[in-house]
Amino acid sequence: YWTGQSFLGIGAGAWGFLPRVPGQETTPQGVRFQYKGHLNTWLGEKDFVSPQILSMDVLSEESALIDIVGSHLRFHQGLKLSLLSDMGRQFLPSPTWGQGLKNGLVVVDSERVVLSEEAWFQENAWGQEVLNSLHPLGKHLPS
């Protein structure tokens with residue numbers, strides 16, 4: 001789940017994920033799926049090997065970016081900027097990052113963005129700052 005690899009949910013209401021399937025244009029960033037959530041419905045299934053799926057969510061590029069940023073900022077090693085460049089984005093920190101850098105809440109280098117343990121409790125806010133600092137590869141902002 002945390003690394004964006006495929007996973008299988010097991011049981012009523014469980015979620016699973018299949019990453020991008022090569023050659024499948026209908027799943028550009030992957031698919032989340034959920035099995036029926038009511039226990040009696042789950043137990044009433046005749047085929048436990050392939051139970052009915054209640055919902056399926058084909059991820060957009062934006063949803064995939066949000067998932068990557070949100071989950072990887074929770075790692076001790078932080079968010080690898082190469083993951084973003086693989087998706088055609090570059091991280092260009094805005095002036096907002098200055099205070100976080102100065103106070104040691106974040107570390108930004110040429111390879112990654114890492115939150116300090118103190119900043120983990122503000123992961124959603126820092127995640128939004130990362131998303132606000134993403135730009136198409138090769139595009140440089142005016143100084």
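Residues numbered from 1 in each chain as written. Predicted model: local features only at pLDDT ≥ 70, side-chain atom pairs only at ≥ 80, totals over all residues. Heavy atoms only, no water.

1. Here we look at the layout of surface pockets
Estimates place the volume of the largest pocket at around 710 Å³. Along its surface, the largest pocket is lined by 31 residues, and Gly4, Ala64, Asp67, Ile68 and Ser71 are the ones closest to its centre. Of all the secondary-structure elements, those providing two or more residues to the lining of the largest pocket are strand 1 (15-18), helix 2 (61-72), helix 3 (81-86) and helix 5 (123-132). By residue number, the principal contributor to the lining of the largest pocket is helix 2, which donates eight residues. Along the lines of polarity and charge, the residues of the lining of the largest pocket split into 14 nonpolar, 11 polar and six charged. (1 Å grid on protein atoms, 1.4 Å probe; cavity = no way out; pocket = protein on both sides within 12 Å on 5 of 7 lines; lining within 4 Å. Points joined across faces, edges and corners; volume = space filled by probe spheres on them. Helix = DSSP H or I, 4+ residues; strand = E, 2+ residues; numbered from the N terminus. Nonpolar A, V, L, I, M, F, W, Y, C, P; charged D, E, K, R; others polar.)

2. Describing the pairing of strand 2 (residues 31-35)
Taken across its five residues, strand 2 has four buried, putting it largely inside the fold. Examined bridge by bridge, strand 1 and strand 2 share four bridges and lie antiparallel to one another. Within the sheet, the bridge partner assigned to tryptophan 15 lies in strand 2 and is glutamine 34. (Buried < 20%, exposed > 50% of the residue type's maximum accessible area, 1.4 Å probe, protein only. Pairing = 2+ DSSP bridges.)

3. Re the sheet that holds strand 4 (residues 79-80)
Pairing within the open sheet is antiparallel, and its three strands lie in the order 4-7-6. Only two strands of the sheet have a single partner each, and these edge strands are strand 4 and strand 6 (106-108). Here strand 6 runs beside strand 7 (residues 112-115); their pairing, made up of three bridges, is antiparallel. Looking at strand 7, one finds that valine 106 is bridged to leucine 115.

4. Digging into helix 5
By the burial criterion, the buried members of helix 5 are Glu123, Trp126, Gly127 and Val130. End-on, the buried residues of helix 5 take up no more than an arc of 105°, which puts them together on one face. (Arc of directions from axis to C-beta.)

5. As for the nonpolar core
Among the nonpolar cores identified, the biggest contains 19 residues, and Leu84, Phe91 and Val130 are the most heavily contacted of them. Of all the secondary structure elements, the ones that give two or more residues to this core are helix 2, helix 3, strand 7 and helix 5. No other element matches the four residues that helix 2 contributes to this core. Among all residues touching leucine 84, those that are not within four sequence positions of it are Leu65, Val69, Leu79, Arg89, Phe91 and Leu134. (Core = buried A, V, L, I, M, F, W, Y, C linked by side-chain atoms within 4.5 Å. Contact = heavy atoms within 4.5 Å.)

6. So, the packing of aromatic side chains
Using the criterion set out here, one finds two aromatic pairs in the structure. Taking the centre distance of 5.3 Å and the plane angle of 90° together, the rings of phenylalanine 91 and tryptophan 97 count as edge-to-face. Accessibility expressed as a relative area gives 1% for tryptophan 97, which makes it buried. A centroid spacing of 5.0 Å and a plane angle of 45° characterise the contact between tryptophan 97 and tryptophan 126, whose relative ring orientation is tilted. (Phe/Tyr/Trp six-rings, centres within 6.5 Å; stacked < 30°, edge-to-face > 60°.)

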